[in-house]
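Structural overview
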Amino acid sequence: MQLNLWLLLLLLLSCNGTTYDDSGIFIHYTTKPLSKQAGVILLGTAGYIPPMATEHMDTLCDIQEDKVIHPFAYRTHTHSLGRMVSGYRIRKDESGADQWTLLGKRDPLTPQMFYPVESRDPIRKNDRLAARCTMESNRTRITRIGATNEDEMCNFYLMYYVENGDPLQMKYCFSNGPPLFRWSNSETELNHIPDYDSSHL
């Protein structure tokens, strides 16, 4: 105890009784408009996971705004049943075949932060965004979408920027999820669905 007091006294004497505080933050700003603005779009689902089953929770949306967005990061989120979350940009080629470009896929139980996208190719009007969460349940009950760890969530966040314009007005893209909505439903008009790749690392 005496040694600690002696060290504290030496420290105070060496500082001449002056305390220096260098904590805080610095804010830099400009009144000049910037050429890039960032945005985030969230793809998610409703639905439920049957007991003792592997379930795919799919979502799909069309980009209808006449803007070009440049993806640069993604984040995945589920609760404890999630095994894989993947996100894609879909664009039809001249023959009508869907070209699925991977934006990112990840085990959602690894650290949930934003990671660089797999492809930074621009996303344009009439492109589609799709996400899938692969869930594995060993529960003997149905698991529904909800806020607690007893429930589940299926989320894929995509960060992007736009050049000399505003971000998308669309901030969310949600589907009804299983059993009502799947990529394979006829109304989606999807083809070349990457069932295996979208569900495995």
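Just so we're clear, the structure is a prediction, and the values are computed from it rather than from any experiment. (Residues numbered from 1 in each chain as written. Predicted model: local features only at pLDDT ≥ 70, side-chain atom pairs only at ≥ 80, totals over all residues. Heavy atoms only, no water.)

Some words on the state of the cysteines
This structure, assessed with the given rule, holds 1 disulfide. Each disulfide pairs two cysteine sulfurs, and for cysteine 133 the partner residue is cysteine 154, the sulfurs being separated by 2.0 Å. The S-S bond linking cysteine 133 to cysteine 154 shows a torsion near 90 degrees; that makes this disulfide right-handed. Note that cysteine 133 is positioned in strand β8 (residues 128-136) and cysteine 154 in the loop between β9 (143-144) and β10 (155-163), a separation of 21 residues in sequence. For cysteine 133, a relative accessible area of 0% corresponds to the buried category. (Disulfide = S-S within 2.5 Å. Helix = DSSP H or I, 4+ residues; strand = E, 2+ residues; numbered from the N terminus. Buried < 20%, exposed > 50% of the residue type's maximum accessible area, 1.4 Å probe, protein only.)

Examining the sheet that holds strand β7 (residues 115-116)
Across the sheet, 5 strands lie side by side as β7-β4-β10-β1-β11; this open sheet has mixed pairing. In this open sheet, the two strands that pair with only one neighbour each are β7 and β11 (172-175). Bridging between strand β4 (residues 70-77) and β7 involves 2 bridges; their strand directions are antiparallel. Across the sheet, tyrosine 74 pairs through a bridge with tyrosine 115, a residue of β7. (Pairing = 2+ DSSP bridges.)

Things to note about the UniProt feature "domain: Copper type II ascorbate-dependent monooxygenase C-terminal" (unreviewed entry) in the chain
What UniProt calls "domain: Copper type II ascorbate-dependent monooxygenase C-terminal" (unreviewed entry) maps, in this numbering, to residues 36-185. End C-alpha atoms of residues 36-185 are separated by 37 Å, and the span's content is 0% helix alongside 50% strand. (UniProt positions renumbered as here; feature names shortened; annotations may be inferred.)

Some thoughts on the pattern of salt bridges
According to the stated counting rule, one finds 10 salt bridges in the structure shown. Where salt bridges share partners, they join Asp58, Arg132 and Asp195 into one cluster. (Salt bridge = Lys/Arg side-chain N within 4 Å of Asp/Glu carboxyl O.)

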